[in-house]
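In case you want the letters, here they are:
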Amino acid sequence: MFTRDQLITGNKTLEQITNDICEPVETVPTIKWVALMLGANSTLLIFVSTLIMIIGLGMGLMAVNHPIGWGTDIITFVFWIGIGHAGTLISAILFLFRQKWRTSIARSAEAMTVFAVMTAGIFPLLHTGRPWLGYWLLPYPNQRGPLWINFRSPLLWDVFAVSTYMTVSVVFWYVGMVPDFATLRDRAKNKIRKIAYGALSLGWRGTARNWSHYEMTYLLLAGLSTPLVLSVHTIVSFDFAVSQLPGWHTTIFPPYFVAGAIFSGFGMVVTLMTLVRIGFPKFKDYVTINHMEVMNKIIMTTGLMVGYAYATEFFIAWYSGNPFESFVFINRAFGPYAWSYWIMVTCNVFIPQLFWWKSIRRSIPAMFVISICVNIGMWFERFVIVVTSLHRDFLPANWGDFIFTWADFGVLFGSFGFFLTLFLLYLRLAPAISIAELKPVLNVGRDNNGHDASSGGTHHG
Amino acid sequence: MSEITENNQTQQNKSEKLWVGLEHYYDDPKFLEMAQKEFLSSPLSSEPDSEFGRREFLKLMGASIALASTSCIRRPANKIVPYVKRPDEVVPGVANYYATSWLDNGQGFGMVIKTREGRPIKAEGLLEHPVNRGGLSARAQAHVLSVYDPDRARGPKKNIVNEKRTNSDSVEVTWEAADKEVIEQLKKGKVRILSGTLASPSTESLISEFSRAFGAKHIVWDNLGADDVKEGQALCYGQEAVPRYRFDKAKTVVSFGADFLGTYLSPVEFTKLFAKSRHAGPLMSQLVVFESLYSLTGANADTRVSVASDQLFASLMGLIHEIVVVNKKSSYAGNAEVQKWLEPYANVAVNNGVSSEIFSQLAQELWKNRGESLIISGGLNIPTKQAVPLQIATNFLNSLLDNDGKTIDVNISPNKTYKGSFKALALLIDEMKNGQVSTLIIHRSNPIYSLPVSSGFQEALNKVGLVIYTGDRNDETGRISNMFLPDHHSLENWGDGEFQKQVYSIQQPTIRPMFNTRAFQDSLLTWMSLGGSKSAAKDWHDYLVNYWKSNIYGQWTKGAKSFEEFWVDVLQRGVMDVSNLSAKRSATSGARPFSLGALKNSKVEAAPPGTKLLMYSKVGMGDGSMANISWIQEFPDPVTKITWDNYLTVSEEFASKNGLKEGSLVEVTANEYVEALPVHIQPGQHSNAVGVAVGYGRRFAGKIASESGEEVSNRSIGQNAFLFAKLENDQWIRSGMTVKVTVIEDKFHPLACTQGHHMLRDKKFEVKDRNIIAHTSLTEFLKNKKAGIHQHGELKSIWPEHKYTGHKWAMVIDSNSCTGCSACVVACQSENNIPAVGKRYVLEGREMHWIRIDRYYRGDPEAPETLYQPMLCQHCDNAPCETVCPVVATSHSSEGLNEMIYNRCVGTRYCSNNCPYKVRRFNWFNYLDHNDTLKLAYNPEVTVRSRGVMEKCTFCVQRIKEAKQTAQDKKVPLADGDIRTACQQSCPADAISFGDNNDKGSQVSQLFNSDRASVVLEELYAKPAIKYLTKIKNPLMAQVSSHQEGGH
Amino acid sequence: MAKNKKVTVGIWEDEHKLIEAARKTREAGFKIFDAITPYPVHGIEEAMGIKRSWIPYICFSFGILGCTFAVWLTNYVAETEWPINIGGKPLTLWAASPGFMPIIFEVSVLFAALSSVAALLFVACDLPKINPPIIDPALTSHKFAIFVDEADASYNTAKIQQQFKEWGAKETRETEF
């Protein structure tokens, strides 16, 4: 049988694992964490105040105009939704593929997913002219005569897809945490913790019968989430693909968007994990350099995929012989917003290629910088799609320009404050690595004991 | 009328309610206070039965007050009669239509004013009016809003002006006090009345009566006058007149700098007539324009020749030379003298780098169509020194082509709206300087704004004892006059008009005076009576009626019917129905002998080299009198598409030579006057000329015109270009002076353009590839009726489509008639409560117009061809906007309307993104106008949209519903033409037709299914309910622009 | 909640010994017994003879239910309750349904996922339990236990404890569960 690197280094015992992982939850915050938290909170403050102003005064505060009806809000929405894909992908698809290395990062990836989707969820609402009427997008019986919603509208598909995805991700995440909450409950010293985690754990016991149902359900959820995660970004891409606007009306969008989502998702996971490793040095044994390397490989691959998608778009634009279509793409690459296009290509296609070199793949600073680039690139991908297609469409008479305002920056950067605040709280309140899932793979790659290795190897964690 | 005369008693009792009613109406204490004054302190209450018959006046006032109080109605004080085709009861919720008329400096309009609860809310063209025939200009549409202008004067004021009359402090006075002061001064005699052309027979007679009483003199001066035309006519034919140009009779029209479709003389009338001659077919007329700037007329020319401004006269002479000398045509062919005069212009074409082909072809065309051609020239933009010679040459050519009396009519019904003269004004100024004027009454004229300081008018005022100003606001002239006695708004006042000889139209008030103003004519009458000179009339209305009785009634329909019947008839029709008037008007009068002497002396000394500055007036802004009307400020100029500014238009060559960019600030120096202006680069303009529009730079016109609130570099919107003018031996040099343009380093002034002008410079974009506008040349069209229409494979639907039984509303727009004048834009704005958003938001691309006139340039930027395409909601059967709305806020009606449900809209803006025509507009902010007076202009039939909802053209659904209702009440089927959308109604070119496409007989379905009709972006298969008829150009040299779009 | 019952429990510290013990317990003829582990220990199902979970059936049937509901809702709303011409799109079932597919899919997934989780937590594991007696806090960390219920026919705490010891239990006792 082949030998493989240890998933978990430092010859931990079961007890050590428990102690290590519970430590951040049970000790007082470090200065580093507090500093980060304060930073996040102040950014969050910017976010909130910008939202209040926009909702109070009107969409006109932002750069959106005629003809560019969608702007920063939709761009950032798609951006966050995209990021929200890695989590479920890691915990579900890699789970189905028996990728045991996922266990160390699955929990945080899921958390990231949940928070990213929460952040994303704010934007479609914010971007409407009358956010306070957002509930009109839900199909509820009412007394306004027959008055329903339009099930044909891609935006409505979005509402269903995103809310379903949100719900299922939260459930998935929570179910995963129930046994760990039980662990925290049993370790809890003071009464409040005991009650709080006791409630969260729902009084989990972990009898063998419970575990067998539990694993089955987990498998089912994974099975359900897999098509779900693919469907979500597919449907988000329908917002564009189903319209008839040159540059949007493209059949390649669903796969292209999904690839992009995974790409950006892993980018964000790498960014966060490098930070987690710095923040909680103990975690280095669980989130090893090998984990990071695998993710970097995925980033590189998906980077090539999106690159391919960009190329295909151009080919089709030329091949279709549709003057509007071809104009839009020429305009993308050489028009007034060419800079955004080239930022996108550089960050998404060229820079990730550095990961061909093992040294870069395994260098924390390098991967941190590159993952940031990926995030920037992916934001601009959505910018390019939304803005450059809209600002010059069929009739030249209504072509326009898109000029950022302070409000656009406010919501864009502010949203990171919202996301980080949640994520930092999570790091303090929940076990950042799945204890129960980690233990079974404890022996993977430990060459002392073949039986263990195989038992870890043949069974999923 | 019945309500008023009957039960005055009850109305008297009710009259206390007024204050409640008004307070309820205007929650503005200041106004209330003023209103109080108006009644308590009015002479009416003091002496009940003075000769002014004020008791009746009071009664009638009471009557209207009562009406006002019953349903917030502000009906006018005197007997007014609703438009004949409408029920004449005032039913709350039902509109009343009153025929009236308005003179917009030189342009006369017969109008029908739609009033709701006594508020005028919409101006429509009066179809029966022989001058404008139902057409209205953008300004005429905006005229309605100007009644509610919050910056209008709210009562008489006395200005305490300092020595230099530089600034002033004004105090409110009562009319009595004012009158007392005025009459004292009037008694001193030496009275002068300065006004623009009034073209109102009764007012003019009243003025002459007044003049007799006080030894006054009436000086008429038109700011945008036609002195050159009149002088030219006088010199050539010994008859000072402004002819009526018969474009409908002309096969070949040649314009030398005359923007007759946009701003010259009477554009709406001309557009109507011109459109008549543009019917696609072998007889279609041909328009050749020689000009330096790029005017609306130039944009509509079949052949546009861009010539240096100082070469206009030469070019015209060159053309004559071509006909007379080269082609040896006309009776002057042999005339050695004439030949001698023409010789110098033998090779004008060569000198100007114009293809001599054009001259020879044009010469042939003209001769071929002699008697059916028309040469027109003139306008503010003609270099002043050339103006008169140019007119003489024009007349000469018209005479030798024997158009005079055929297409040029001075005998039957010549224009009567340009009576002013600069010379008269110059004389007045001298008189004032010499202290020969003790009282100066300024009416309908704003000299301080529109005269340069060098004119000396302002110092001259110091020598005048009392200056009385009757303008509508305490503006540039008002604030330095001693007495500011505001006149009624024309929609509040009685009056009449003779816009063309023997065409008498009536002006009915459609609303009781909003503020404490008094009719100018009533002022005159008051002063006359105070001055002890008895007038037969009790008041102005009475005077008017008497005048009509004794002059017009007697003159025309003697004995046909009683005067009362006649009068009611006149009020109903709005225009004097002269038996056989129409017949007379269509007749032709004989040619007049041309006196060669005039031609002999018509020389233009060579102008000094260098770039010349030309003033021009804009279609929307005109003379600037309506600068405080937001609709006018936000009106996209048909040529440049720029709003909220005037600017220096320069050619591309000039710009590149001086390193100018769009919007870069330059210092313009001409006639020793310096002004900083932003630059607009206008393709097709001649590099020798730079142009600047007048009418801007109003310093004291009100909040909108004088401080826009948005980031403009200075206190007023634009700059006052009139100040570049200069008095030079009794001639106002306004155009053609040498200009110095110096760049102010990297200073920019953003120009709010509704249509990215940089687009036409975008090499990546060509109309040709996109097949947006179907257009072709006449020759091609005669070969193939579908010429110019993009052909493509058959389009199929993959599912069964919806059937439309019953009505199916559709519109057809004739691109060939449409001149792009944009009157429809303001008509729509007025009908549908569309807000103006201000310069800043136009810059951000957030203007709200439901209909916009897309302008595309074609060909090389040096001499581009312009194509206009009115773009509004296409009401597609397969509307892309509807499918994507998550909340079904926009859906399709059973009659094929694309309906927008404002209160369901959450504002995702997906519909706008998915609209290929981008005709939807979004309320980025709350634009609802809470201003106490402006909100009165809202059309109650149309929802005022709130923030965050999408809106767009509805095909005037409220009009459709109204028409259907009326038909139902009358128990008759809805007839074709019952429904006229706002844009269609106001279109001076009748380019828009609307109706039921399922009614095979209807005009619209005929056109809709004709070969010339095509759909924009048809390949998308949105199936619009609007089709466009191919634009056909009829250029001189077929090969110049014989081109076939589509077909591929 | 039901009152706690007596159980005899043995605590192990090694996963493999536990599995052995579990098998032996079953072979010894005990019926009502269960194991407590900090994480899913593999092979213990076979050792204890636990049957395959029934939750997939719940998941499947609720998935179908969600699907049916979505199909009904979309078509009822768009074709029966409120047939309105939206962008000229067809109203007939066959032509309209493709536009509803995303909705139908999402709703099915939602139903399936939530139903299975509910089944797991509230039925299978019959949670929530308000402060259940904790045999040993380390059982959620690094220790393993097997307990036999007093209700078991051949229940005899002394005998069981002694057997557990033989099978390698670190400690044994009778306690509440």
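Residues numbered from 1 in each chain as written. Chains lettered and ligands numbered in written order. Predicted model: local features only at pLDDT ≥ 70, side-chain atom pairs only at ≥ 80, totals over all residues. Heavy atoms only, no water.

*Asks:* What's the story with the overall build of chain B in this structure? I'm lost.
*Replies:* Along chain B, the regular secondary structure elements total 38 helices and 41 strands. The proportion of buried residues among the 1048 residues of chain B is 67%. Intrachain contacts of chain B at a sequence separation of at least 6 include 74% that bridge at least 24 residues. (Helix = DSSP H or I, 4+ residues; strand = E, 2+ residues; numbered from the N terminus. Buried < 20%, exposed > 50% of the residue type's maximum accessible area, 1.4 Å probe, protein only. Contact = heavy atoms within 4.5 Å.)

*Asks:* Help me out: how do you make sense of the interface of chain A and chain B in this one?
*Replies:* Of the residues lining the interface, 57 residues belong to chain A; the matching set on chain B comes to 53 residues. Where chain A abuts chain B, roughly 4400 Å² becomes buried across the two surfaces, and 57% of that area is made up of carbon and sulfur atoms. For the chain A face of the interface with chain B, the top three residues by lost area are A:His66, A:Arg130 and A:Leu395, together amounting to 16%. At the boundary of chain A and chain B, one finds one salt bridge. With a closest N to O distance of 3.0 Å, B:Lys918 and A:Asp393 form a salt bridge. Taken together, the elements giving at least two residues each to the side of chain A that touches chain B come down to helix 2 (31-57), helix 5 (154-187), helix 7 (208-241) and helix 10 (323-334) of chain A. Examining the composition of the side of chain A that touches chain B, we find that five residues originate from one element, helix 10 of chain A, more than from any other. Taken together, the residues that form the side of chain A that touches chain B break down as 35 nonpolar, 15 polar and seven charged. (Buried area = accessible area lost by both parts, 1.4 Å probe. Salt bridge = Lys/Arg side-chain N within 4 Å of Asp/Glu carboxyl O. Nonpolar A, V, L, I, M, F, W, Y, C, P; charged D, E, K, R; others polar.)

*Asks:* Got a minute to help me understand the confidence of the model for chain B in this structure?
*Replies:* The predicted structure's coordinates, where accompanied by low pLDDT, should not be read in detail. The share of residues in chain B with pLDDT of 70 or more is 86%, and the mean pLDDT across the chain is 82. Overall, residues 708-714 of chain B carries pLDDT values under 50, and its contacts beyond four positions in sequence, including any with other chains, amount to 12 contacts. (pLDDT = per-residue confidence, 0-100.)

*Asks:* Where do I start with the sheet that holds strand 22 (residues 664-670) of chain B in this structure?
*Replies:* As a general point, the strands of a sheet are linked pairwise by backbone hydrogen bonds and lie either parallel or antiparallel. The seven strands are arranged 27-19-24-21-23-22-28 (chain B) in an open sheet whose pairing can be described as mixed. Across the chains shown, the open sheet's two edge strands, defined by having one partner strand only, are strand 27 (737-738) and strand 28 (740-748) of chain B. (Pairing = 2+ DSSP bridges.)

*Asks:* Honestly, the environment of A:Thr271 in this entry has me stumped. Any pointers?
*Replies:* Residue and element names in this part refer to chain A. Of note, Thr 271 is situated in helix 8 (residues 253-279). Judged by its relative accessible area of 7%, Thr 271 is buried. Residues Thr 271 and Val 170, 101 residues apart in the sequence, show an inter-C-alpha distance of 22 Å. Of note is the side chain of Thr 271, whose polar atom sits 3.4 Å from the side chain of Asn 375. (Polar contact = N/O pair within 3.5 Å; in protein donor to acceptor, adjacent residues only side chain to side chain.)

*Asks:* Before we go on, may I ask you to explain the interface of chain B and chain C in this structure?
*Replies:* Note on interface size: it is often stated as the accessible area lost on association of the parts. Facing the 13 residues of chain B at the interface are 11 residues of chain C. Ranking the residues of chain B by area buried against chain C places B:Trp799, B:His802 and B:Val888 at the top, with a combined share of 49%. In this structure, the connection of chain B to chain C is made through zero salt bridges. Between the two partners, chain B and chain C, sit six residue pairs in polar contact (both at pLDDT 80 or more).

*Asks:* Would you mind going over unusual backbone geometry with me for this structure?
*Replies:* Glycine aside, residues mostly have negative phi, and peptide bonds are mostly found in the trans state. In this structure, the amide linkage connecting A:His66 to the following residue, A:Pro67, adopts the cis form with an omega of 15°. Position of A:Pro67 among the secondary structure elements: in the loop between helix 2 and helix 3 (72-96). Here B:Asn671, not a glycine, exhibits a phi torsion of approximately 50°, which is positive. Relative to the assigned elements, B:Asn671 resides in the loop between strand 22 and strand 23 (673-681).

*Asks:* I tried to follow the pairing of strand 32 (residues 852-858) of chain B on my own but got confused; where do I start?
*Replies:* Along any regular strand, the residues point their side chains to alternate faces of the sheet. All names here are of chain B. Extensive coverage of strand 32 is indicated by the burial of seven of its seven residues. Two elements, strand 32 and strand 33 (residues 865-871), share seven bridges in a ladder whose sense is antiparallel. Note on strand 33: the bridge partner recorded for Arg 855 is Tyr 868. Linking strand 32 back to strand 33 in an antiparallel pair, the connection comprises six residues, with Gly 859 at a positive phi of about 85°.

*Asks:* How do you make sense of the environment of B:Ala280 when you look at a structure like this?
*Replies:* All names here are of chain B. Within the element layout of this structure, Ala 280 appears in the loop between helix 11 (267-276) and strand 10 (286-291). Overall, the relative accessible area of 28% leaves Ala 280 in the partly exposed class. Aside from chain neighbours lying at most four places away, what touches Ala 280 is Phe 781, Asn 816, Arg 1012 and Ile 1032.

*Asks:* Would you mind going over the packing of helix 3 of chain A against helix 14 (residues 406-429) of chain A with me for this structure?
*Replies:* Packed helix pairs are characterised by how far apart their axes lie and by the angle those axes make with each other. Residues and elements named next belong to chain A. Interhelical geometry of helix 3 versus helix 14 gives an angle of 25° and a closest axis separation of 10 Å. Here helix 14 runs roughly parallel to helix 3, going by the angle between their axes. Along this stretch, helix 3 crosses helix 14, giving a crossing that reads as right-handed. Between helix 3 and helix 14, the residues in contact are Thr 72, Asp 73, Thr 76, Phe 79 and Trp 80 and Asp 408, Val 411, Leu 412, Ser 415, Phe 416 and Phe 419, respectively. Each residue belonging to the contact of helix 3 with helix 14 can be placed in one class, and the counts come to six nonpolar, three polar and two charged. (Axes fitted to C-alpha atoms, helices over the stretch in contact; angles between N-to-C directions. Parallel < 35°, antiparallel > 145°, perpendicular 65-115°, else oblique. Left-handed = near helix turned anticlockwise from the far one by under 90°.)

*Asks:* How do you make sense of the pattern of salt bridges when you look at a structure like this?
*Replies:* Any two side chains of opposite charge can pair, so long as their charged atoms come close to each other. Residues and elements named next belong to chain B. Counting across every chain of the model gives 58 salt bridges over all chains. Its salt-bridge partner being Arg 278, residue Asp 302 comes within 2.8 Å of it at the nearest N-O pair. Here Arg 278 lies in the loop between helix 11 and strand 10 and Asp 302 lies in the loop between helix 12 (296-300) and strand 11 (303-306), a separation of 24 residues in the sequence. Residue classification places Asp 302 among the buried residues on the basis of a relative accessible area of 8%.

*Asks:* Is there a simple way to think about the sheet that holds strand 39 (residues 1013-1014) of chain B in this case?
*Replies:* Residues and elements named next belong to chain B. Taking strand neighbours across the sheet as the criterion, the four strands line up as 38-31-40-39 in an open arrangement whose pairing is mixed. Among the strands making up the open sheet, the edge pair consists of strand 38 (992-996) and strand 39. Relative to strand 40 (residues 1026-1029), strand 31 (residues 809-814) runs parallel, the two being bridged by four bridges. Opposite Met 811, over in strand 40, you have Ile 1026 as the bridge partner.

*Asks:* Would you explain the nonpolar core in this entry?
*Replies:* Inside soluble globular proteins, nonpolar side chains tend to come together where they are buried. One finds A:Phe240 and B:Phe955 to be the most contacted residues of the largest nonpolar core, which totals 312 residues. Sorting elements by how many residues they give to this core places helix 5 of chain A first, with 17 residues. Contacts of A:Phe240, omitting those with residues within four sequence positions, involve A:Trp70, A:Ile74, A:Val78, A:Trp248, A:His249, A:Phe253, A:Phe257, A:Ile385, A:Val386 and B:Tyr910. One finds B:Tyr237, B:Ile323, B:Leu1036 and B:Met1037 within the second-largest nonpolar core, a separate group that totals 49 residues. (Core = buried A, V, L, I, M, F, W, Y, C linked by side-chain atoms within 4.5 Å.)

*Asks:* Is there a simple way to think about the packing of aromatic side chains in this case?
*Replies:* Taken as a whole, this structure holds 96 aromatic pairs over all chains when the rule is applied. Taking 5.9 Å as the distance between ring centres and 75° as the angle between the ring planes, the aromatic pair formed by B:Trp548 and B:Trp567 counts as edge-to-face. One end of the pair, B:Trp548, is in helix 22 (residues 540-556); the other, B:Trp567, is in helix 23 (residues 563-573), with 19 residues separating them in the sequence. There is no split in this pair, since B:Trp548 and B:Trp567 are both buried. With a centroid separation of 6.1 Å and an interplanar angle of 50°, the aromatic rings of C:Phe164 and C:Trp167 are classed as tilted. Residue C:Phe164 shares its accessibility class with C:Trp167, and that shared class is buried. Aromatic rings pair up to connect A:Tyr337, A:Trp339, A:Trp379, A:Phe380, A:Phe383, A:Phe402, A:Phe404, A:Phe409 and A:Phe413 into one cluster. The ring of B:Trp924 carries the charged tip of B:Arg846 above its face, separated from the ring centre by 4.9 Å. Over the aromatic face of B:Phe922 sits the side chain of B:Arg909, whose NZ or CZ is 5.0 Å from the ring centroid. (Phe/Tyr/Trp six-rings, centres within 6.5 Å; stacked < 30°, edge-to-face > 60°. Lys NZ or Arg CZ within 6 Å of the ring centre and 35° of its normal.)

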